[in-house]
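# Secondary and tertiary structure notes
So the chains spell out like this:
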Amino acid sequence: MPRTLILASTSRYRREMLSRLGITFDTRSPNVDECEVTHETPRDTALRLAEEKARAIALQFPEAVVIGSDQIAEVKGVRLNKPGVHERAVEQLRQMSGQSVLFHSAMAVVCLAEGAMERAVVPTTVQMRALHEDQIERYLRLEQPYDCAGSAKAEGLGIALIAAIRSEDPTALIGLPLIRLCDMLRKFGYTLP
């Protein structure tokens with residue numbers, strides 16, 4: 001019988017993604033400081049934060065298998081975090097207009113009792129359409145994606161802003177790369193189809 005599984009996240013998007021696997025799991029808020037570290041690449045930041053989130057909950061539940069995840073977007077070397085507010089989302093979408101945006105979706109799966117950890121970063125490249133101011137405003141009013149890195153939800157209306165998506169895992173852009181996660185969970189004894 002596999003260990004208790006905990007998702008170290010309160011993100012409804014990640015919770016919905018993980019539920020697709022048909023595995024019973026709990027969720028916990030990791031309360032990790034997500035401040036940037038000087039000279040750290042967006043990829044490394046995403047991986048560090050995923051691991052810190054998993055470890056924070058694993059310390060509370062050492063017998064459990066804990067999944068931590070994080071996603072950071074970048075365009076032309078500039079990091080794009082969750083905008084939080086409308087004005088910042090407008091600014092991000094202006095930066096992304098007509099550009100290639102790289103999303104770093106990181107995961108860490110940790111079990112302290114087993115002394116085991118699996119980590120991965122799954123990149124996704126999104127080619128954005130050239131966006132006009134009225135398109136940006138209309139989109140933001142309709143979807144209000146202020147809790148998403150890069151200010152656009154590909155799983156929602158944000159798909160209309162995108163020209164192309166390239167990734168080895170179509171779920172990575174939503175924030176939890178399920179193809180890679182399935183491989184990790186199998187190593188921890190979970191049975192998946």
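Summarised in this report is the structure supplied together with it. (Residues numbered from 1 in each chain as written. Predicted model: local features only at pLDDT ≥ 70, side-chain atom pairs only at ≥ 80, totals over all residues. Heavy atoms only, no water.)

### Let's talk about the pairing of strand 6 (residues 116-128)
For strand 5 (residues 100-111) and strand 6, the ladder comprises 12 bridges, and the chain directions are antiparallel. Bridged to Leu-102 within strand 6 is Thr-125. The antiparallel hairpin formed by strand 5 and strand 6 contains 4 residues in its connecting segment, where Gly-115 sits at a positive phi of about 60 degrees. Pairing of strand 6 with strand 7 (residues 162-167) involves 5 bridges; the strand directions are antiparallel. (Pairing = 2+ DSSP bridges. Helix = DSSP H or I, 4+ residues; strand = E, 2+ residues; numbered from the N terminus.)

### Considerations on the side chain of Asp-70
Relative to the helices and strands, Asp-70 resides in strand 3 (residues 65-75). Within the structure, Asp-70 has its side chain in polar contact with the side chain of Lys-53 (distance 2.8 Å). The contact partners of Asp-70, leaving out residues within four places of it in the chain, are Arg-14, Glu-34, Ala-46, Leu-49, Ala-50, Lys-53, His-104, Ser-105 and Ala-106. (Polar contact = N/O pair within 3.5 Å; in protein donor to acceptor, adjacent residues only side chain to side chain. Contact = heavy atoms within 4.5 Å.)

### Details of the pattern of salt bridges
Using the criterion set out here, one finds 14 salt bridges in the structure. In this structure, Glu-52 and Arg-48 form a salt bridge, with 3.3 Å as the shortest nitrogen-oxygen distance. Here Glu-52 and its partner Arg-48 are both found in helix 2 (residues 42-60), 4 residues apart, which amounts to about one turn of the helix. Overall, the relative accessible area of 18% leaves Arg-48 in the buried class. Salt-bridge contacts for Lys-187 lead to Glu-118; the nearest nitrogen and oxygen are separated by 3.4 Å. Of this pair, Lys-187 sits in helix 5 (residues 178-187) while Glu-118 sits in strand 6, placing them 69 residues apart in sequence. By sharing partners, the salt bridges in this structure join Arg-3, Glu-63 and Glu-114 into a single network. (Salt bridge = Lys/Arg side-chain N within 4 Å of Asp/Glu carboxyl O. Buried < 20%, exposed > 50% of the residue type's maximum accessible area, 1.4 Å probe, protein only.)

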